[in-house]
Amino acid sequence: MTTPRIFLFAPANVARRAEGAMASAADAAILDLEDAVPPNEKIAARDALAPLLATPRSGTALRYVRVNAATTPLCLADLQAALAAGAEGIVLPKADNAEDLAAFAWSFRQICGTLGRDPAGIEILPIVETARGLVNIAQLPWRACGITRVALGTVDLLADLGTGASDADAAILHAQRLCVAGSRAAGLAAPIDGVHLDVKDATGAEAAMRASLAIGFGGKLAIHPAQVPPLRAGLIPPAAELEWAREVDAAYAAAQASGSGAIIVRGKLVDEPVAKRARDLIAMAGA
């Protein structure tokens, strides 16, 4: 199964939107029990999971559920309901300390065992969206908890940092770089970047995806079905970059076959790290 790269949120308490997300061209729909749901509708949203996840598939999107944070009294009941309903992934918000992470992972394994589900086949995708979580990325026991990558929650992070609107872009860029570096240091796969807030800005969404990939992310979160096509387009390298990648890949492979090491392509040094970047671009384009 292809690793999901575009995740579309929808509130679980609004059936029309949840069904639309599951039928979308996103790689995964995230049925939300947390921020998108008012406090007085949390239980109803949880109860809606079973009928929603029982609906026949009309698309290829995987079905994830975002539970409430591990520090809330709602979390374990959310997790139980999501796994019992057949969720194919669990999104854990505000992941920022080892104790809560380990306890959540233990509960996840126990519930899976009770339900006869294989925990290895269900992704736990934590969202790093607090200052504490951001500075702890490299130290948290992700791998020991069965977690292979994280997502960056930029909206909540800015609120936690107290960042003003005029400094938001700079703060997000700094957080993105820390998230990518921390993930790499922790031995995780490329993280998933936060949302592009302007749902009518298709050009901006595509550019945001390209910028995320350039920093080192492996995909993005989305908040509206209209964002999915431009985000998908942003996953495909521009033609000029792909042409460069193919040229580098062919030249480097020929050099390796003849016993040569580093080579010059278009006047620039190409060694193994550069060649790997070229191969990654080709793989990203599916070409």
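Nothing here was measured: the structure is a model prediction, and the numbers come from that model.

K.L.:
Tell me about the overall build of the protein chain, and please be specific about residues and values.
P.N.:
Helix and strand counts for the protein chain come out as eleven helices and ten strands. Once the C-alpha set of the protein chain is aligned to its principal axes, its extents read approximately 65 × 45 × 35 Å. Taken across its 287 residues, the protein chain has 46% of its residues classed as buried. Residue pairs in contact within the protein chain that sit at least 24 positions apart in sequence constitute 72% of those at least 6 positions apart. When the accessible surface of the protein chain is totalled, it reaches about 13200 Å², and 58% of it is carbon and sulfur. The centroid of the 26 positive side-chain charges in the protein chain is displaced by 4 Å from the centroid of its 30 negative side-chain charges.

K.L.:
How would you summarise the packing of helix H3 (residues 75-85) against helix H4 (residues 98-115) if you had to cite specific residues and measurements?
P.N.:
Here H3 crosses H4 at 35 degrees, and the two axes come no closer than 10 Å. Here H3 runs over H4; the crossing is right-handed. For the pair formed by H3 and H4, the contact residues are Cys 75, Leu 76, Leu 79, Gln 80, Leu 83 and Ala 84 on the first element and Phe 104, Ser 107, Phe 108, Ile 111, Cys 112 and Leu 115 on the second. Per-class residue counts for the contact of H3 with H4 are ten nonpolar, two polar and no charged.

K.L.:
Please set out the pattern of salt bridges residue by residue, giving values where relevant.
P.N.:
Under the defined criterion, the tally for this structure stands at 16 salt bridges. Its salt-bridge partner being Arg 266, residue Glu 243 comes within 4.0 Å of it at the nearest N-O pair. Here Glu 243, found in helix H10 (residues 239-257), pairs with Arg 266, found in the loop between strand S9 (263-265) and strand S10 (268-270); they are 23 residues apart in sequence, far enough to count as distant. Overall, Arg 266 belongs to the partly exposed group, its relative accessible area being 49%. One network of salt bridges, in which partners are shared, links Asp 32, Glu 34, Asp 35, Arg 66, Lys 94, Glu 129 and Asp 156.

K.L.:
Please give an account of unusual backbone geometry that cites residues and values.
P.N.:
One non-glycine residue, Lys 94, lies in the positive phi region at around 50 degrees. As for its placement among the helices and strands, Lys 94 is situated in the loop between strand S4 (89-92) and H4. With a relative accessible area of 30%, Lys 94 lands in the partly exposed category. The backbone phi angle of Arg 266 is positive, close to 55 degrees, even though this residue is not glycine.

Calculation notes
- The numbering scheme is per chain: residues are counted from 1 as the chain's sequence reads.
- This being a predicted model, a pLDDT of at least 70 is required before a residue's local features are given, and a value of 80 or more before pairs of side-chain atoms are given or counted; all residues contribute to the totals for chains, interfaces and linings.
- Each side-chain value is derived from all of the structure's non-hydrogen atoms; neither hydrogens nor water enter the calculation.
- Secondary structure is summarised from DSSP: a helix means a run of H or I of at least four residues, a strand means a run of E of at least two, and numbering begins at the N terminus for each.
- The classification of residues rests on relative accessible area computed with a 1.4 Å probe and restricted to protein chains. Under 20% of the type maximum is buried, over 50% is exposed, and intermediate values are partly exposed.
- Residue contacts are counted whenever heavy atoms from the two residues lie within 4.5 Å of one another.
- To be clear on the numbers: accessible area is Shrake-Rupley with a 1.4 Å probe, and residue cover counts the displayed protein chains and nothing else.
- The charge count treats Lys and Arg as positive and Asp and Glu as negative. His and the chain ends do not count.
- Here the site of a charge means atom NZ of a Lys, CZ of an Arg, CG of an Asp or CD of a Glu.
- To obtain each axis, a line is fitted to C-alpha atoms, and for helices this fit is confined to the stretch in contact; angles are then taken between N-to-C directions over 0 to 180 degrees.
- Crossing handedness: left-handed means the near helix sits turned counterclockwise from the far one by under a right angle, and right-handed means the same turn made clockwise.
- Each residue is assigned to one of three groups, with Ala, Val, Leu, Ile, Met, Phe, Trp, Tyr, Cys and Pro labelled nonpolar, Asp, Glu, Lys and Arg labelled charged, and all others, Gly among them, labelled polar.
- Whenever a carboxyl oxygen of Asp or Glu lies within 4 Å of a side-chain nitrogen of Lys or Arg, that contact is scored as a salt bridge.

Take it as geometry only, folks, not as evidence of what the structure does.
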